[in-house]
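Reading the structure
Read off the chains here:
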Amino acid sequence: MKYTTVLSLLMATFLAGCAAKPLPPVQITLPTRAIDYLAEVKPILDKRCTVCHSCYNSPCQLKLDSFEGMDRGATKQAVYSATRLKPMDPTRLFTDAQSTEEWRRKSFFSVTESTVANGLNDSIMIQLLSHKINNPKSLGEYSPETDELSCSENQNELAGYLEKHPNRGMPYGFPPLKQEEFGIIAGWLAQGAKGPTAMEQAALTTPKGSDAQAIERWEAFLNQDDAKHAMTARYLYEHLFLAHLKFGTPTNEYYELVRSKSPPGHPIELIPTVRPYDDPKTDRFYYRFRKIHSTIVNKTHMVFNLDDAQLERFNELFIRPEWLQVPHRIGYDPTLSANPFAAFEQIPPRSRYQFLLDNALYTIMTFIHGPVCKGQVALNVINDNFWVMFLDPDHDLSVKYPGFLKVYNDMLRLPIEQGSGQPIFSALTNKYKKTAIEFYQARQDFYASHNYNGLDYEFIWKGNRPSDAPILTVYRHFNSASVHKGVLGNLPKSLWVLDYPLFERIYYGLVAGFDVFGTAGHQLSLRLYMDRLRIEGESSFLDFLPPENRLELMQSWYLGMKLKDINYYPSIMPAKISFVTDEPKREFVEYIVNHHLLPTTGITFDPINYLPPGGVYPPLPEKYQSEADYQQAFTALSQPGTQFFTLMDHHNSNLAFVRIRLKNGADIAGSIVVNRWHDNVAFLLGEKRRFNTALDSADFIPGLIGSYPNYFVDVREEDLPDFFDLLANFTKSPHDLERLAKYGVNRADDKFWDTYDWFQQRLYQDEPVQGGLLDLNRYYYYAQ
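First things first, this report covers the structure right here in the doc. Just so we're clear, the structure is a prediction, and the values are computed from it rather than from any experiment.

A word on the overall build of the protein. Along the backbone of the protein there are 28 helices and 17 strands. Computed over C-alpha atoms, the radius of gyration of the protein comes to 27 Å, within 12% of the 28 Å expected from 2.2 N^0.38 for 784 residues, which places it in the range of a compact globule. Viewed in the frame of its principal axes, the protein has a C-alpha envelope of about 85 × 75 × 50 Å. Burial statistics for the protein: of 784 residues in total, 61% are counted as buried. When the accessible area of the protein is evaluated, it comes to approximately 31400 Å², of which 54% is carbon and sulfur surface. With 79 positive and 92 negative side-chain charges, the protein shows a spacing of 4 Å between the two charge centroids.

Spelled out as structure tokens, the structure:
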């Protein structure tokens, strides 16, 4: 079928209502050939649209990471809500509806359908894109997650919105598509917005070759009839339901583990429960692997390998050991299922804890990349950077004495047993805070009674394999976060030590039991419960230090508060370690890293940002003649109080990606992570009042970390001295702002998309398995 070669952007009835003085319509040449969605359209959507439209925080729930998301369209319903009084019906793509008609009944509307014929298209999508072509300049503030968006469901409503906001075409607050890109999208829409053919769809969704063989082995393992395998599979599923599973094969294909009414060898009949431990409401179901064919986005990408070594490890951990009880299946009573210590009490705690330790990075990442970890209120329960260690299973008393978990089972119950509809009043007065405090105190006393000489270095898990992650760095980037193996940055203010009960409760509270579609009360109760778990983890670390330092350090972490108000309960244990310096926190960590972890894992301190004991931050070099001079500059700028990072204190100024163009052409990619100092993180609201910008600092990290860059920086090697001087002596003067504009890439900059493409390709190059599409929803808000 032939289409006109030149199509005016003056789409029927469109521009008349879009702006008081519309610009002359741009003429775009459209392809006359049939346009292929997978080969031509999807790559453009991924690079320019999916970067904001993926996952639950997609504006208007318009997910463009797959054709199914495009076809589903948009809705006025917001997933994230701080005021929801009743749970909303879940709207998970590929799960809660299976056809366009079903999504229309759930109040989703098309963004590709046209009201005109004759080879033209006036869909919502083309109007937003073409409006941007005609009004290309982005001006003012853009925050797609917090702006009041109309989520227009018809052309008239959209015309009114664009008349009111003439600079809000798509891409939102960024430069428009290039004419060639727009021509392909416009031509595809005019040709009926068709998706993959049946053959292409089958290729997208069907496992092939070695993946298919691996799936057959794993489904056989998970679906064995005996109770031991059945309960093992249930435990694994509840911890892997968010994972992007890979089978150790050379292809970068990923799968998700689901429950199905149909057995292996048959099409999957999905059981769409809200939580992984919800009642499947069928006598027999099967664990199946469903191929992920939507674009992999970095913010939800959590890779878990299911290779032959992993299968052997699961057998070693769960199948071969003798269990605490005769293996037996249990039902799906809501209260029982929401308490993993009761639901899986027959499985040895050592097996469960070692599974978490083997996969510590993945498990902590689920707290970060799962649906709970979005927005300021979800994240202001943690400091901006801290390190996490783990109690060794040989010294974890809940592992050595499983009866401890049974005796205190009622104190280990979580708010998630209330389901998704918990009222706000109940969350504010809930019993779970009280029982969490009671368990914390009982734990402290139990450890004191069994370790009357105190704890030493051997109580910290040092890992068993080079790939293990016995110490982790967590960075908060205001309303997102990231987690990394090893110790990045300087010695943080606070540290955590997790044991099995704490690790498992955090996971079930923030991941398995969290319902993003639940009430504000449900989400608030978990936020408040996390306060208790954070204090427990911090307290477990302090128990290694001299008693006379514990109160002092905890108080320094909760400035402006009385420790009795957070129910801090210091252990009566003495310090078994003979500390020789007046910095026991640093001394403990340095021994752990340099002597305890290094031989097994190779983990070492950050050479740029870590200041050793007695160290002094150097000045900026007078000359830049060697690699050491540049490293000195980065170290100098990492000190607390560096001018640029204290003055640029907006919440959109916490994570920058940096490209350094070397003279030899081997460009360097790095990240600037800003650490905002909090006097304490004990309150839900009023976070700004607890900032101390004079103590803000920055870490300079090789490589690209985080999923939501706030800014891109592009600097040439010869300009580095000026760039370093700007950061050190920044004043917000017009001259300094002009200098900053030379290196920073504003969201309205004509070169923005080329810059983004470079960073995206670099991430894929550096992290071919762990990397995914970056998200631009939180790019610095101001366009100029």
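Still more ground to cover, so stick around.
Each full turn of the α-helix corresponds to 3.6 residues, which orients residues three or four apart in the same direction. Between its first and last C-alpha atoms helix α6 (residues 179-190) spans 16 Å; for twelve residues at 1.5 Å apiece the expected length is 16 Å, and the two agree. The buried count for α6 comes to ten of twelve residues, which makes it a mostly enclosed element. Regarding α6, the residues found buried are E181, F182, G183, I184, I185, A186, G187, W188, L189 and A190. Remark: G192 follows α6 within two positions and exhibits a positive phi of approximately 105 degrees.

Here we come to helix α27 (residues 734-743). D736, R739, L740 and Y743 are the residues of α27 that are buried. The buried residues of α27 all sit within an arc of 100 degrees when viewed along its axis, so they share a single face. Along α27, the residues that are exposed and aim more than 90 degrees away from the buried face are P734, E738 and A741. At its buried positions, α27 is contacted by α25 (643-647), β15 (711-716), α26 (720-729) and β16 (744-745).

So, about the pattern of salt bridges. Inspection of every chain in the model, using the stated rule, returns 42 salt bridges. Between R92 and D96 there is a salt bridge, with the nearest N and O atoms lying 2.8 Å from each other. This pair shows no difference in class: R92 is buried, exactly as D96 is. In this structure, K178 engages D754 in a salt bridge whose closest nitrogen and oxygen atoms are separated by 4.0 Å. Placement of the pair is K178 in the loop between α5 (155-164) and α6 and D754 in helix α28 (residues 752-766), with a sequence separation of 576 residues.

Cut-offs applied
Residues numbered from 1 in each chain as written. Predicted model: local features only at pLDDT ≥ 70, side-chain atom pairs only at ≥ 80, totals over all residues. Heavy atoms only, no water. Helix = DSSP H or I, 4+ residues; strand = E, 2+ residues; numbered from the N terminus. Rg over C-alpha atoms; globule rule 2.2 N^0.38 Å. Buried < 20%, exposed > 50% of the residue type's maximum accessible area, 1.4 Å probe, protein only. Areas by Shrake-Rupley, 256 points an atom, 1.4 Å probe, with all protein chains shown as cover. Lys, Arg positive; Asp, Glu negative; His and termini not counted. Charge placed at Lys NZ, Arg CZ, Asp CG, Glu CD. Expected span 1.5 Å × (residues − 1). Arc of directions from axis to C-beta. Contact = heavy atoms within 4.5 Å. Salt bridge = Lys/Arg side-chain N within 4 Å of Asp/Glu carboxyl O.

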